[in-house]
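# Reading the structure
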Amino acid sequence: MKIQESDAKSLLLARGLPVPAWTVARTPAAARQAAEAILAGGEDKVVIKALVLVGGRGKAGGVKLAGSADEAEQVADAILGMNIKGITVQKVLVAAAADIIKEFYLAAVLDRKSQRIILMGSAEGGIDIEEVAATRPEAIIREAAHPHLGLLPWQARRLVFGMGLGAHLKDAVKIATGLVETMLVNDADLVEINPLAIIREAGPDGSPVERLVCLDAKVTLDDSALGRHPDLAAMRDLDEEDPTDRIAREQGISFIKLDGNIGCMVNGAGLAMTTMDLVKQAGGAPANFLDIGGGARSDKVAAAMALILSDPKVEAILVNIFGGIARGDEVARGLVRARKEQARSVPMVVRIVGTNADVAAQILEAEKVATAASLDEAVSMAVAAARASAGGAA
Amino acid sequence: MKIQESDAKSLLLARGLPVPAWTVARTPAAARQAAEAILAGGEDKVVIKALVLVGGRGKAGGVKLAGSADEAEQVADAILGMNIKGITVQKVLVAAAADIIKEFYLAAVLDRKSQRIILMGSAEGGIDIEEVAATRPEAIIREAAHPHLGLLPWQARRLVFGMGLGAHLKDAVKIATGLVETMLVNDADLVEINPLAIIREAGPDGSPVERLVCLDAKVTLDDSALGRHPDLAAMRDLDEEDPTDRIAREQGISFIKLDGNIGCMVNGAGLAMTTMDLVKQAGGAPANFLDIGGGARSDKVAAAMALILSDPKVEAILVNIFGGIARGDEVARGLVRARKEQARSVPMVVRIVGTNADVAAQILEAEKVATAASLDEAVSMAVAAARASAGGAA
Amino acid sequence: MSILVGRETRLVVQGITGREGEFHSRAMQAYGTNIVAGVTPGKGGSMALDGSVPVYDTVAEAVAQAGANTSIIFVPAAGATDAVMEAALSGIATIFCIAEHIPALDMLKAVEVVRRAGATLVGPNCPGATTPGQAKVGIIPGSIHLPGRVGVVSRSGTLTYEAVQAMTDAGLGQSTCLGIGGDPIIGTTHLDALKLFAADPDTDAIVMIGEIGGTAEEEAAAWAAEHLAHLPKVAFIAGRTAPEGKRMGHAGAIISGGSGTAASKTAALEAAGFRVALSPTQLPKLLREAGYKG
Amino acid sequence: MSILVGRETRLVVQGITGREGEFHSRAMQAYGTNIVAGVTPGKGGSMALDGSVPVYDTVAEAVAQAGANTSIIFVPAAGATDAVMEAALSGIATIFCIAEHIPALDMLKAVEVVRRAGATLVGPNCPGATTPGQAKVGIIPGSIHLPGRVGVVSRSGTLTYEAVQAMTDAGLGQSTCLGIGGDPIIGTTHLDALKLFAADPDTDAIVMIGEIGGTAEEEAAAWAAEHLAHLPKVAFIAGRTAPEGKRMGHAGAIISGGSGTAASKTAALEAAGFRVALSPTQLPKLLREAGYKG
């Protein structure tokens, strides 16, 4: 689960890491008020950033500076409501604009290949790390945390020296160690600071001092561990969650909306992807990815059907079940019931094989549901049905 | 560092383990008051236990039951002031007397041989575990905690089943896990519950229920880790600490008082023990174990001298220094100064070899201090000096 | 015994008295798998599966008293990593973990313990393995298999069944069918599976099923190019139409930063001498084209 | 090279710029030890010991750039276990840790890391090792040694010096003198040391110095009875007059529950063929009586 920059920064603060203060504003007026307070504190400028869970907000115009309260209000007004990669901006983060001397990149990631938590650092911060990784991999320093003891202090030091942050050894070690702790304590998949920056600010006596701070923060949480972190589960941003996403989540169904017109209901993630791929290959367009999961009781089947039909673009449904844990007859019964309760009617093609497929076939036949024996056949039938349905509607 | 049963129980409580309530009383009146409260709560009897840091208080009469407030006061009066193995009892623990169904033994110990934390359990509780270990080792179940992950739940289960506590699986697993956690969190060497007991008590509806509880607790802390646990360092029982023990501790000197009349000042624990052994073998009696430690600056030498002379039985002093990190000349200078400042004068024999031993010899010769070249010679001289001194005093 | 499971398998079922554990234990027993013990803490001393299998409190007892050498874990996610570590540190050589939704950082710790213990873990979030005609350990429907000499390895569950069914329908029997699971941190990777098949005298061809996310298929392909050049090899990758940045059901199935795409995996596999199918049903045909005569 | 240290030793000093680190580094260098690097985080790029030794920020650099194979750690207790793990996981084969007062549970974790890395740790709270005439790594005064063929191992510091001095005074040279430290959790035990000496062609006799507490001497004795029957062996145990239940300076030197006494250790050693001295000065004579001709 992705969380907003503001929540990610809270998690870093909780580990004692240096994160400059921020305010979240949902209206231009609130942004103005936050900016006033910051400017009254002696800062020259504020930065206003769109809070959205997609990347590239900077390029999309979602990050702007303002030098006065008036300007802050105008900028916030422009950003709020903006559409960034399909997401409507509903809130902004307001903070003092930092006087940046140098930017770095630092992230803790769960690395599948090495089966370790890897800390990745680079002296080239504030940029696209994937581009650096692809073009100049030697610019990235990696340190694998001990699988049972976490990041050891000497590992943090080695990373910090490698990043050229030796002049800020103590603070940088604390941040590096804190990133891995943040990951471990919160069951995160990713904790990224980009940029980690040396900034210039006024010291206690007014003269400028340098300080290493986390200017941005991105945290992704392990969905499988949210059950033991109710405080983190509460960070789910409902502003960016579709009603269908919520229903799917609550029903334990994996559901991802796509652009096509053939709704898919499949058991198993791999088979669900395969079904989508085959629909596309056969000239159709899948409307969704949907894995009803292991058990696939009839109530779950009904919920999946409702999810699919909630998309008005859906013109045909393809059900593909390979019974294993899921019993084919139970799925068939669920389909029949869901069919009777559904709001609108679209053609449906069902293919059920494996455990109790024979009983399933009898049930479906009795209800005159179109069935197919093979996956390829089911796909062709669904694509044809969608075409016919679209033609009929036109 | 040993801590009292009451403090040990606090550490267990902090891990959420079941420990029946207790009160510490320093006067018979306070014990009476505590007993009154317990008896008013519906209990039949209270137990009053001497709080001392030596074993065998039960056999010494330091643990007694009382059935009334009057009796509690009398019992407390008898126990307070009692001498148990050289310690005067200054406080007692008062608690409800448990209705014990069965006793067990459970302890987490730092095992040197396996270099692991070992959890030792036995269905024979409330008894001398060392006797069980010696006579019927098969009655003790052992489980080694993972060196990096601690005691894993399945290990706790295996131990609990082995101890015959399967009927109390969940509680017993929690206690076993909690013991190792107590050890890890507090840097303890030993966390012992003897007895761990199934007791009968009144349930919510008044009918009797069985519960697994920690009836006694013994915790020894790692002296080397006290620096990072100020809260635990504060548990040091000053009631049982000699003024000389305190001075030695504050000076970083290892000092243990013995019964003899030859004071020993040595650098290095092994050499200090060896010096004691040789004194005894030569017919003398060492008055103390004293290791002045690595550096052995002159102020430390003076403090060590004061510690030795604070024992009125000391009739001769044997100084044995093998210079390595410790420089012989610095020790010699310290001795000369301490000699001039000391309260009373006893014969002293000095043997300094190793680093700067030649300079040390010159300094001592100039001050007419008796010196010896070999350890054996130094010991003979000291034993003779003590005899002469004792003869003179007689 | 082909790989991992076979006639030598002496299975202990951890969580045998649970609903899922009991259901699948019956199916495994019906297939012919030698289930020698069950473990449910607190039910030690009882019998499971109609009195045919003794239940113990601990895996150590199952090893000592029933000679178990393989374990399958039907314990739910919250206790599954502990069960994995119990098996590994109690002398079990091969461990299958079925549970899904295990926190990745828990599994990371457990995988390290398993490795240090010298054991093999398959899963979590996997359907297990079947050596057709000998033993099945897991939840793969027994009926889809045919004994033979093709090794099948897959990250998926039902997609594996689909591929195996296609093979069986075409008369291509399998040496062992192995589902390694779709989680980010798993005990046995595609590469590990290929190494096992490479060392197996009963395996003459390879079917590898992958999906988007990570680089496990690429790593396996690189190894296969060097060490399995002599074997007919086919593959299928699910998720050609998956959008970037979305988890497709499996915690590990996500394209991020442009890496882990079906296209990059397909390219790596083809470069390594695999024929890559566009549908699971094409696998038998491609395997024949690759020269497999079995 | 006798055992652990010798002409092949390429030493990195962790904490070379500290007071103790510098002092003892000079003494080691004066003895002839080949100090190839120092490590002090933040002082990388500078030179230590009058410009003769480069200082690095990390042990990894000292290994890569200066070819260090052995490390001595003069870092105080709070950072010592981290330094031990850094050395072990950066490719150092032999590590000496001098600091005392390291929490035992910290060392327990570090010892496990060292073992897993396949490295050897000596200490903590130890004086180090000297192979006379070749190299000394630690704080044992160089002047007390004489090159020869007797292996000396001890839990103590100054008591070791006493024993070595007695040997040297009697003309009995040493192959290696090793102080293993008096803490409860140590990297190299008496038993480990005996195994090293047993495999060393340059060692023809053994002097083992022990003290009260634990059972390490008994375990070493049991092994020696079986594997070192052919070598002359003598021992000394300190603490015959130590009272029960009191820590005699060393964290590990405590008799508890009647075990770990000097009497039990002496009995075990005598049963294993050691001659046990009543004073360190008797060791040379007993070694001659045991048939040592060197």
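Now for a description of the structure that goes with this document. (Residues numbered from 1 in each chain as written. Chains lettered and ligands numbered in written order. Predicted model: local features only at pLDDT ≥ 70, side-chain atom pairs only at ≥ 80, totals over all residues. Heavy atoms only, no water.)

## Description of the overall build of chain C
From N to C terminus, chain C includes nine helices and 14 strands. Relative to the 2.2 N^0.38 estimate, which gives 19 Å for 294 residues, the radius of gyration of chain C is 18 Å and therefore close to what a compact globule would have. For chain C, the spread of C-alpha atoms along the three principal axes comes to 55 × 40 × 30 Å. Going through the 294 residues of chain C one by one, you find that 62% of them count as buried. Total accessible area on chain C is roughly 9200 Å²; 52% of this is exposed by carbon and sulfur atoms. Of the side chains in chain C, 21 bear a positive and 26 a negative charge, and the two mean positions are spaced by 4 Å. (Helix = DSSP H or I, 4+ residues; strand = E, 2+ residues; numbered from the N terminus. Rg over C-alpha atoms; globule rule 2.2 N^0.38 Å. Buried < 20%, exposed > 50% of the residue type's maximum accessible area, 1.4 Å probe, protein only. Areas by Shrake-Rupley, 256 points an atom, 1.4 Å probe, with all protein chains shown as cover. Lys, Arg positive; Asp, Glu negative; His and termini not counted. Charge placed at Lys NZ, Arg CZ, Asp CG, Glu CD.)

## A closer look at the pairing of strand S13 (residues 233-238) of chain D
Residue and element names in this part refer to chain D. Counted residue by residue, S13 has six buried out of six residues, so it is predominantly covered. Side chains Lys233, Ala235 and Ile237 of S13 all project onto a buried face; the interleaved residues Val234, Phe236 and Ala238 project onto the opposite face, where all are buried too. Bridge count for strand S12 (residues 205-211) against S13 is six bridges, and the pairing is parallel. Bridge pairing in S13 links isoleucine 209 to phenylalanine 236. The handedness of the S12 to S13 crossover, carried by helix H7 (residues 216-227), is right-handed. (Pairing = 2+ DSSP bridges. Right-handed = clockwise from strand over helix to strand, strands pointing away.)

## Here we look at the packing of helix H7 (residues 216-227) of chain C against helix H8 (residues 262-271) of chain C
Residues and elements named next belong to chain C. Where H7 contacts H8, the two axes come as close as 8 Å, and the packing angle between them is 10°. With respect to each other, H7 and H8 are oriented roughly parallel. Where H7 abuts H8, its residues Ala216, Glu217, Glu218 and Ala221 lie against Ser264, Lys265, Ala268 and Leu269. The residue makeup of the contact of H7 with H8, split by class, is four nonpolar, one polar and three charged. (Axes fitted to C-alpha atoms, helices over the stretch in contact; angles between N-to-C directions. Parallel < 35°, antiparallel > 145°, perpendicular 65-115°, else oblique. Contact = heavy atoms within 4.5 Å. Nonpolar A, V, L, I, M, F, W, Y, C, P; charged D, E, K, R; others polar.)

## Looking at helix H2 (residues 28-40) of chain A
Here H2(A) contains 13 residues, and its C-alpha end-to-end distance of 18 Å stays within 8% of the 18 Å for a straight helix at 1.5 Å per residue. Once H2(A) ends, the next one or two residues include A:Gly42, with phi positive near 105°. (Expected span 1.5 Å × (residues − 1).)

## Quick look at unusual backbone geometry
Omega for the peptide link from C:Gly123 to C:Pro124 comes to 15°, which places this bond in the cis form. In this structure, C:Pro124 sits in the loop between strand S7 (120-122) and strand S8 (128-131). For A:Lys368, which is not a glycine, the phi torsion comes out positive at approximately 60°. As for its placement among the helices and strands, A:Lys368 is situated in the loop between helix H12 (357-366) and strand S18 (370-371). Taking relative accessible area as the criterion, A:Lys368 reaches 75% and is therefore assigned exposed.

## Quick look at a positive patch on the surface
On the surface, a cluster of positive charge is made up of A:Lys2, A:Lys59, A:Lys85, A:Lys218 and C:Lys246. With a relative accessible area of 42%, A:Lys218 lands in the partly exposed category. (Patch = residues over 30% accessible without salt bridge, like charges linked within 9 Å, V, L, I, M, F, W, Y side chains within 5 Å. Salt bridge = Lys/Arg side-chain N within 4 Å of Asp/Glu carboxyl O.)

## Thoughts on the packing of aromatic side chains
Aromatic ring pairs are described here by two measures, namely the spacing of the ring centres and the angle between the planes. The final tally for this structure, using the stated rule, is two aromatic pairs over all chains. Relative to C:Tyr161, the ring of A:Phe322 has its centre 5.6 Å away and its plane inclined at 70°; by these criteria the two rings are edge-to-face. You can see A:Phe322 sitting in strand S16 (residues 316-323) and its partner C:Tyr161 sitting in helix H5 (residues 158-169), one on each of two chains. Across the pair, C:Tyr161 and A:Phe322 agree in class, each one buried. Over the ring of D:Phe274 we find D:Lys233, and its NZ or CZ is 5.8 Å from the ring centre. (Phe/Tyr/Trp six-rings, centres within 6.5 Å; stacked < 30°, edge-to-face > 60°. Lys NZ or Arg CZ within 6 Å of the ring centre and 35° of its normal.)

## Considerations on the sheet that holds strand S1 (residues 22-25) of chain A
Working definition: the strands of a sheet are paired by backbone hydrogen bonds and lie parallel or antiparallel to each other. Residues and elements named next belong to chain A. If you walk across this open sheet you meet the four strands as S1-S6-S2-S3, and the pairing is antiparallel. Among the strands making up the open sheet, the edge pair consists of S1 and strand S3 (63-66). Strand-to-strand twist across the sheet, computed as the mean angle between neighbouring axes with direction ignored, equals 25°. In the sheet, strand S2 (residues 46-50) pairs with strand S6 (residues 92-96) via five bridges, with the strands oriented antiparallel. Looking at S6, one finds that alanine 50 is bridged to valine 92. Sheet strands touched by helix H3 (residues 69-79): S2, S3 and S6. Its angle to S3, the strand with the most contacts, is close to 165°.

## Remarks on empty space enclosed by the protein
Summed over the entire model, instances satisfying the criterion amount to one cavity of 30 Å³ or more. Split into classes, the residues belonging to the lining of the largest cavity amount to six nonpolar, no polar and one charged. (1 Å grid on protein atoms, 1.4 Å probe; cavity = no way out; pocket = protein on both sides within 12 Å on 5 of 7 lines; lining within 4 Å. Points joined across faces, edges and corners; volume = space filled by probe spheres on them.)

## Overview of the interface of chain C and chain A
Counting residues at the interface gives 55 residues for chain C and 47 residues for chain A. Carbon and sulfur atoms make up 59% of the surface buried where chain C meets chain A, a total of about 4000 Å² over both sides. Applying the counting criterion to the chain C and chain A interface returns five salt bridges. Taking the shortest distance from any N to any O, the salt bridge between A:Arg351 and C:Glu162 comes out at 2.5 Å. Remark: the boundary between chain C and chain A carries 15 residue pairs in polar contact (both at pLDDT 80 or more). (Buried area = accessible area lost by both parts, 1.4 Å probe. Polar contact = N/O pair within 3.5 Å; in protein donor to acceptor, adjacent residues only side chain to side chain.)

## Let's talk about the pattern of salt bridges
All names here are of chain B. Counting across every chain of the model gives 86 salt bridges over all chains. The closest approach of N and O atoms between aspartate 239 and arginine 26, which form a salt bridge, is 2.8 Å. Of the two residues, aspartate 239 sits in the loop between helix H7 (230-233) and helix H8 (243-251) while arginine 26 sits in the loop between strand S1 (23-25) and helix H2 (28-40), which places them 213 residues apart along the sequence. A residue is classified by how much of its surface remains accessible, and arginine 26, at 47% relative accessible area, is partly exposed.

## Notes on the packing of helix H3 (residues 77-89) of chain C against helix H4 (residues 104-117) of chain C
All names here are of chain C. Look at H3 against H4: their axes get within 9 Å of each other, and the N-to-C directions meet at 5°. Considering their axes alone, H3 and H4 lie roughly parallel with respect to each other. Facing Thr81, Val84, Met85, Ala88 and Leu89 of H3, the residues of H4 in contact are Asp106, Met107, Ala110, Val113, Val114 and Ala117. The residue makeup of the contact of H3 with H4, split by class, is nine nonpolar, one polar and one charged.

## Quick word on the state of the cysteines
Two cysteines, two sulfur atoms, one covalent bond between them: this is a disulfide. Residues and elements named next belong to chain C. The final tally for this structure, using the stated rule, is zero disulfides over all chains. Cysteine 97 provides the cysteine sulfur closest to cysteine 126, a residue in no disulfide bond, and the two sulfurs are 7.2 Å apart. Looking at cysteine 126, the relative accessible area reads 3%, which means it is buried. (Disulfide = S-S within 2.5 Å.)

## Considering H12(A)
Residues and elements named next belong to chain A. For H12, the full list of buried residues reads Ala357, Ala360, Ile363 and Leu364. Along the axis of H12, the buried positions cluster into a sector of 120°, meaning they face one direction only. Away from its buried face by more than 90 degrees, H12 exposes Asp358, Gln362, Glu365 and Ala366. Residues of H12 that are buried in the fold lie against helix H11 (328-341), strand S17 (348-354) and S18. Looking one or two residues past H12, lysine 368 carries a phi angle of roughly 60°, positive in sign. (Arc of directions from axis to C-beta.)

## As for the sheet that holds strand S2 (residues 35-39) of chain C
All names here are of chain C. Pairing in this open sheet of seven strands is mixed, and the strands run S3-S4-S2-S1-S5-S6-S7 from one edge to the other. Looking at strand neighbours, the two that pair on one side only are strand S3 (47-48) and S7, the edges of this open sheet. Two strands pair when backbone bridges link them, and strand S1 (residues 11-14) and S2 are joined in this way by four bridges, in the parallel orientation. Note on S2: the bridge partner recorded for valine 12 is alanine 37. Across the sheet, helix H2 (residues 59-66) touches S1, S2 and strand S4 (53-56), and the angle it forms with S2 is around 155°.

Nothing here speaks to function; it is geometry throughout.
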